[in-house]
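Structure at a glance
Spelled out, the chains give:
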Amino acid sequence: MVDVVSSFRGVRLKKKIIPFFIIQYTFLITVSFAQSPYQLKTGKEITLLGTGAVSLGASVALSHAIDPLTPTEIAVLNPTDINSIDRSATGHWSPTAANLSHVTLTGTVALAGGLALGTKPMRQDFKTVAIMYAETMLIGNGIERTIKAITQRPRPFVYNSDVPLDEKLDRDARQSFFSGHATNAFASAVFASEVFRHYFPHSRLKPVIWVGSLGLATATAVLRYEGGKHYPTDLIAGAAFGSLVGWGIPKLHEVKNQSGIGRRLDIQPWSSGSAKGIYVRLAVFSR
């Protein structure tokens, strides 16, 4: 609140003295976010959440139907049968790298959650952000896992003679294409960066968020490769698909045709009996 007091104690006009008087003006200025950059629509949310839930359920059923590789099938696998781009992955095996990929993935997801809870505009709009993120994760994982269960591509470590046989006999050893870690990491990274960009269009932190989140996502993909869990094409496909979903879900919820700032300037007279003034409410939003 800004109070401006002007007083005139003896102004001479046409040889007459205007009596002493005090004029007080009070300006109440409120600046607020008028509307969210995103909006939810019941029909759309039911469709997206339903699609994600159905695809995820289908993927679970399909994955349980996968038959693990047999020792005989493993014995005849030959790395030279793999395309030249992916062949190098068969020489990698590192449980440590694979475990670290869980950490970097968690970091990417935590960054998205931290922005939603740690910034006031996003926290005030938490329901919208949370539902969009849930849709992103459901659809991303549902489609990725369904394709995995259909293709049944052996992971790179299955070709590696240094890897214990019991690791290769697990059902998960036939679910390489495409990478779930890359899908989730890049979906979270792009989602967090894109949503932050819309809530804070003029923030200098935008490049930091993009670089930090995509850096964590890239580290996740590299660690999956070093761990012998995925081929380069698995990771590229996962990164591309995850990025598409992470960008696409917020895009589907964008508010179109935002009204101009002039239409959101509200000016009203104000009075408390002893003082008069003007109430000004400026609702600020920019994309």
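About the criteria used
Residues numbered from 1 in each chain as written. Predicted model: local features only at pLDDT ≥ 70, side-chain atom pairs only at ≥ 80, totals over all residues. Heavy atoms only, no water. pLDDT = per-residue confidence, 0-100. Contact = heavy atoms within 4.5 Å. Salt bridge = Lys/Arg side-chain N within 4 Å of Asp/Glu carboxyl O. Helix = DSSP H or I, 4+ residues; strand = E, 2+ residues; numbered from the N terminus. Buried < 20%, exposed > 50% of the residue type's maximum accessible area, 1.4 Å probe, protein only. Axes fitted to C-alpha atoms, helices over the stretch in contact; angles between N-to-C directions. Parallel < 35°, antiparallel > 145°, perpendicular 65-115°, else oblique. Left-handed = near helix turned anticlockwise from the far one by under 90°. Nonpolar A, V, L, I, M, F, W, Y, C, P; charged D, E, K, R; others polar.

Across the protein, the average pLDDT comes to 85, with 77% of residues at or above 70. Contacts from residues 1–34, a stretch scored under 50 in pLDDT, to residues over four places away or in other chains number 55 contacts. Contacts of residues 283–287 to residues separated by more than four positions or lying in other chains number 23 contacts, the stretch itself having pLDDT below 50.

This paragraph deals with the pattern of salt bridges. One pass over the structure, following the stated rule, counts seven salt bridges. For R153, the salt bridge goes to D86, with nearest N and O atoms at 2.8 Å. Placement of R153 in the loop between α5 (126–151) and α6 (165–168) and of D86 in the loop between α2 (71–75) and α3 (95–118) is noted, with a sequence separation of 67 residues between them. With a relative accessible area of 0%, D86 lands in the buried category. Here E254 ties to K251 by a salt bridge, and the two come within 3.7 Å at their closest N and O atoms. Taking the relative accessible area as the measure of exposure, K251 reaches 35% and is therefore partly exposed. Here the salt bridges share partners, and the residues they tie into one network are D86, R153 and D234.

A few words on the packing of α3 against α5. Contact geometry of α3 with α5 gives a least axis separation of 10 Å together with a crossing angle of 160 degrees. Relative to α5, α3 is oriented roughly antiparallel. Relative to α5, α3 is oriented so that their crossing is right-handed. Contacts between α3 and α5 pair V109, A112, A116 and L117 from the former with F126, V129 and Y133 from the latter. Of the residues in the contact of α3 with α5, the class split is seven nonpolar, no polar and no charged.

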